[in-house]
Amino acid sequence: MQRRAAAAYFAFFLVISVAAYAYIGVAESQRPAVSLDADAELTNESTFTVDGTEYTATNIHMSGGGGGGHGGGGGGSMVADLSWTNESSRYTATLEHNATATYQNDTYRVYTDSNESTVTLEEELNVSALLAEDSSVQNTLATQNGTEYVVYRSNNTQVPLSEWLPEPETVSFTTGDTYPYATDSGTQETTIAEVTADGATLEWFAPRENTIELSEGGNVTLNEQQFFTHFPDHSTVQIVPIQQYDQYQETLDQQDYFHERKNGIWGVSILSGIAAVLMLSMAYLPVRG
């Protein structure tokens, strides 16, 4: 009698376990899918254009680990790079007050006047070179009581260095003037945009490469238009107008609910299978006389 009852319970739990498992397979076909009307569907190195600016998608891949992603599967999050060239990007540099700057291959000291909005460059004289060029004076200076002197070779006459040096060359600029700014790659024509007591701001416009990272559901602004991104698989990223974001989020909520219910059915299948095995094991326990 005990074994017949255990066998009946075994069959009961086994049927429940198998039925739950079978239902999971059927339910999977009903999984809510994200369906969006994308402005662009990109793979690696493919491009699309927004108001005349061309954007290129690269480096589409799974990043990191962790929870299941809504677009492209679980085990991490999908990301990609989106790059474009701004043909007229603003660059700036600063000429600091009382610092040195290179102008026409020579060194000048910078003086700024915010009241007059002017920048004055004063030539930095190379004392050693000037002494070497003048054969009438010694190549080294003499110092007395903190004052430096030039020494003439003929009679050792000493003249204060400040009196002997020539008048340094000066060049002045004002706001809006063109300034040849020396960079590591050459001379860049710039415009003096602002002058303060601390220095002068130079600006110029040139192409600049830009890159941003795209993520699942992340917002992105392209040419002042708002979009968000979705990865339907591991090799594709969609650029979708922001107006569809509510629809996208609603589908994600439905997917979360679906996974929650699916996990519950998995629990029923597993626990019923365990119960069936226990019932079968109990049927063969020794019977006390």
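Details of the structure are given in the entry above.
**Student:** Before we move on, can you summarise the packing of aromatic side chains with the specific residues and values?
**Tutor:** In this structure the tally under the stated criterion is 11 aromatic pairs. Taking the centre distance of 5.8 Å and the plane angle of 10 degrees together, the rings of Y91 and W204 count as stacked. Placement of Y91 in strand β4 (residues 77-96) and of W204 in strand β14 (residues 199-215) is noted, with a sequence separation of 113 residues between them. These aromatic residues form a ring-pair network of at least three members: Y103, Y108, F173 and Y179.

**Student:** Describe in detail the side chain of E203, supporting the description with residues and values.
**Tutor:** One can find E203 in strand β14. For E203, the residues in contact, after removing those within four places along its chain, are R90, Y91, T92, T190, T191 and A193.

**Student:** Any details on the sheet that holds β4? Residues and values, ideally.
**Tutor:** As summarised here, the arrangement of the 6 strands in space is β2-β3-β4-β14-β13-β12, forming an open sheet in which the pairing is antiparallel. This sheet does not close on itself; its edge strands, each paired only once, are β2 (47-50) and β12 (178-183). Within the sheet, the average angular offset between the axes of one strand and its neighbour, ignoring direction, is 45 degrees. Across 6 bridges, the pairing between β12 and strand β13 (residues 186-195) is antiparallel. Bridge pairing links T178 to T191 in β13.

**Student:** I'd like a description of the sheet that holds strand β8 (residues 142-144), backed by residues and values.
**Tutor:** The strand order across the open sheet built from 3 strands is β8-β9-β10, with neighbouring strands paired in antiparallel fashion. Each of the sheet's edge strands pairs with one partner strand only, and the pair in question is β8 and β10 (158-160). Across the sheet, the mean angle from the axis of one strand to that of its neighbour is 40 degrees, orientation sign disregarded. By the bridge criterion, 3 bridges tie strand β9 (residues 147-151) to β10 in an arrangement that is antiparallel. When the sheet's bridge partners are listed, V150 is paired in β10 with V159.

**Student:** Report on the environment of Q243, specifying residues and quantitative values.
**Tutor:** Position of Q243 among the secondary structure elements: in the loop between β17 (236-241) and α4 (245-283). Expressed as a C-alpha distance, the spacing of Q243 and F228, which sit 15 residues apart in the sequence, is 9.3 Å.

**Student:** Report on the side chain of S83, specifying residues and quantitative values.
**Tutor:** Secondary-structure assignment places S83 in strand β4. Each residue touching S83, except ones within four places of it in the same chain, is listed here: E54, Y55, T56, N210 and T211.

**Student:** Got a sec to walk through the pairing of strand β7 (residues 118-123)? Specific residues and values, please.
**Tutor:** Here strand β6 (residues 106-113) runs beside β7; their pairing, made up of 6 bridges, is antiparallel. Directly across from R109, in β7, lies its bridge partner E122. The antiparallel hairpin formed by β6 and β7 contains 4 residues in its connecting segment, where S117 sits at a positive phi of about 55 degrees. The pairing of β7 with strand β11 (residues 170-174) spans 5 bridges and is classified as antiparallel. Bridge pairing links T118 to T174 in β11.

**Student:** Describe the pattern of salt bridges, with residues and values.
**Tutor:** Where charged atoms from two side chains of opposite charge approach closely, those side chains can pair. Applying the stated criterion across every chain yields a total of 2 salt bridges. The residue E203 makes a salt bridge to R90 at a minimum N-O spacing of 2.6 Å. With a gap of 113 residues between them, E203 in strand β14 and R90 in strand β4 connect regions that are remote in the sequence. In this structure, E124 engages R109 in a salt bridge whose closest nitrogen and oxygen atoms are separated by 3.3 Å. Remark: R109 occurs in strand β6 and E124 occurs in the loop between β7 and α2 (127-133); sequence separation between them is 15 residues.

**Student:** Run through the environment of M62, naming residues and quoting values.
**Tutor:** Positionally, M62 belongs in strand β3 (residues 53-63). Using a relative accessible area of 28% as the deciding quantity, one classes M62 as partly exposed. In this structure the C-alpha to C-alpha distance between M62 and V79, which are 17 residues apart in sequence, comes to 6.3 Å.

**Student:** Talk me through the nonpolar core; I want residue IDs and the actual numbers.
**Tutor:** In this structure, L42, F48, L82, L214, L222 and I239 are the most contacted members of the largest nonpolar core, which totals 18 residues. With 4 residues, the top contributor of residues to this core is β4. If near-sequence neighbours (up to four positions away) are discounted, L222 is found in contact with F48, V50, Y55, L82, I212, F227 and I239. The next biggest cluster of nonpolar side chains, apart from the first, holds 14 residues, and it includes Y103, V110, Y179 and L202.

Thresholds, definitions, all that
Residues numbered from 1 in each chain as written. Predicted model: local features only at pLDDT ≥ 70, side-chain atom pairs only at ≥ 80, totals over all residues. Heavy atoms only, no water. Phe/Tyr/Trp six-rings, centres within 6.5 Å; stacked < 30°, edge-to-face > 60°. Helix = DSSP H or I, 4+ residues; strand = E, 2+ residues; numbered from the N terminus. Contact = heavy atoms within 4.5 Å. Pairing = 2+ DSSP bridges. Axes fitted to C-alpha atoms, helices over the stretch in contact; angles between N-to-C directions. Salt bridge = Lys/Arg side-chain N within 4 Å of Asp/Glu carboxyl O. Buried < 20%, exposed > 50% of the residue type's maximum accessible area, 1.4 Å probe, protein only. Core = buried A, V, L, I, M, F, W, Y, C linked by side-chain atoms within 4.5 Å.

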